[in-house]
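# Remarks on the overall topology
Listed below are the residues making up each chain.
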Amino acid sequence: MSFMTFTTNLLMKQTPKLFRPSDLVIQVDDSVIIHPLAMRFVERYSKEGYQVAANEFQFTQRYISLLDRFDYIK
């Protein structure tokens, strides 16, 4: 299993689909978390079986409100 960080642009280009869901954990950082459209893509990937990790987790409201969407916290 690989942990890879994806930008909003890469998520929208469906780059994670180059990998099988069982082989990839999609890492997202603050730039994706604050982007309103990017988190919709993350949710879609999650429904398709991909796991999601919050990279550089911060104890702020925006991260805490999304805790149920993360499989891993880094």
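Here, every reference points to the structure presented above.
Residues numbered from 1 in each chain as written. Predicted model: local features only at pLDDT ≥ 70, side-chain atom pairs only at ≥ 80, totals over all residues. Heavy atoms only, no water.

### Some details on the sheet that holds strand E4 (residues 72–73)
In plain terms, the rule: Any two strands are treated as partners once DSSP identifies two or more bridges connecting them. Put simply, DSSP H or I for four residues or longer makes a helix, DSSP E for two residues or longer makes a strand, and each gets a number counted from the N terminus.
With respect to topology, 4 strands assemble into an open sheet ordered E1-E2-E3-E4, the strand pairing being parallel. Since the sheet does not close on itself, it has two edges, and those belong to strand E1 (2–5) and E4, each with one partner. Bridge analysis of strand E3 (residues 51–54) against E4 gives 2 bridges, and the strand direction is parallel. Each bridged residue has a counterpart across the sheet, and for Ala53 the counterpart in E4 is Tyr72.

### A closer look at the nonpolar core
The criterion, for reference: Put simply, a nonpolar core is a bunch of buried Ala, Val, Leu, Ile, Met, Phe, Trp, Tyr and Cys residues held in one set by side-chain atoms that sit within 4.5 Å of each other. The cut-offs for exposure are 20% and 50% of the maximum accessible area for each residue type, with area from a 1.4 Å probe on protein chains only; residues under the lower value are buried, those over the upper are exposed, and the others partly exposed.
Leu11, Ile26, Val28, Val32, Ile33, Val42 and Phe70 are the most contacted members of the largest nonpolar core, which has 19 residues in total. Elements represented by at least two residues in this core include exactly strand E2 (24–28), helix H2 (30–33), helix H3 (38–47) and E3. Of the residues forming this core, the biggest block, 5 residues, is contributed by H3.

### Brief notes about H3
How we decide: By arc we mean the arc of the directions from the helix axis to the C-beta atoms, nothing more. Note on contacts: a residue pair qualifies if any of its non-hydrogen atoms lie within 4.5 Å across the two residues.
Among all positions of H3, only Ala38, Met39, Phe41, Val42 and Tyr45 are buried. End-on view of H3: buried residues confined to an arc of 155 degrees, all on one side of the axis. Turned more than 90 degrees from where H3 packs its buried face, Arg40 and Lys47 sit exposed. Summarising the contacts, the buried residues of H3 are in contact with helix H1 (8–12), E2, H2 and E3. In the stretch just after H3, Gly49 is the one whose phi turns positive, near 105 degrees.

### Examining the pattern of salt bridges
Filter applied, for reference: Each reported salt bridge corresponds to a side-chain nitrogen of Lys or Arg within 4 Å of a carboxyl oxygen of Asp or Glu.
By the definition in use, this model includes 3 salt bridges. Residues Asp23 and Arg20 are paired through a salt bridge, measuring 2.7 Å at the closest nitrogen-oxygen approach. Arg69 is the partner of Glu43 in a salt bridge, and the nearest nitrogen-oxygen pair spans 3.1 Å. Of this pair, Glu43 sits in helix H3 while Arg69 sits in the loop between helix H4 (61–64) and E4, and the two are 26 residues apart along the sequence. On the accessibility criterion, Arg69 (34% relative accessible area) is partly exposed.

### Considerations on the packing of aromatic side chains
Inclusion rule: Side-chain rings of Phe, Tyr and Trp (the six-membered ring for Trp) are treated as a pair once their centres are within 6.5 Å; stacked means planes under 30 degrees apart, edge-to-face means over 60, and tilted covers the remaining angles.
Here the structure, examined in full by the defined rule, presents 2 aromatic pairs. Both rings, one in Phe3 and one in Tyr72, keep their centres 5.2 Å apart while their planes meet at 70 degrees; by these two values the pair is edge-to-face. Taken as a pair, Phe3 in strand E1 and Tyr72 in strand E4 lie far apart in primary sequence, 69 residues in all. With a relative accessible area of 37%, Phe3 lands in the partly exposed category. Ring centres of Tyr45 and Tyr50 lie 5.7 Å apart, and the angle between their planes is 85 degrees; on these two criteria the pair is classed as edge-to-face.

Honestly, that's just the spatial picture; any functional story needs more than this.
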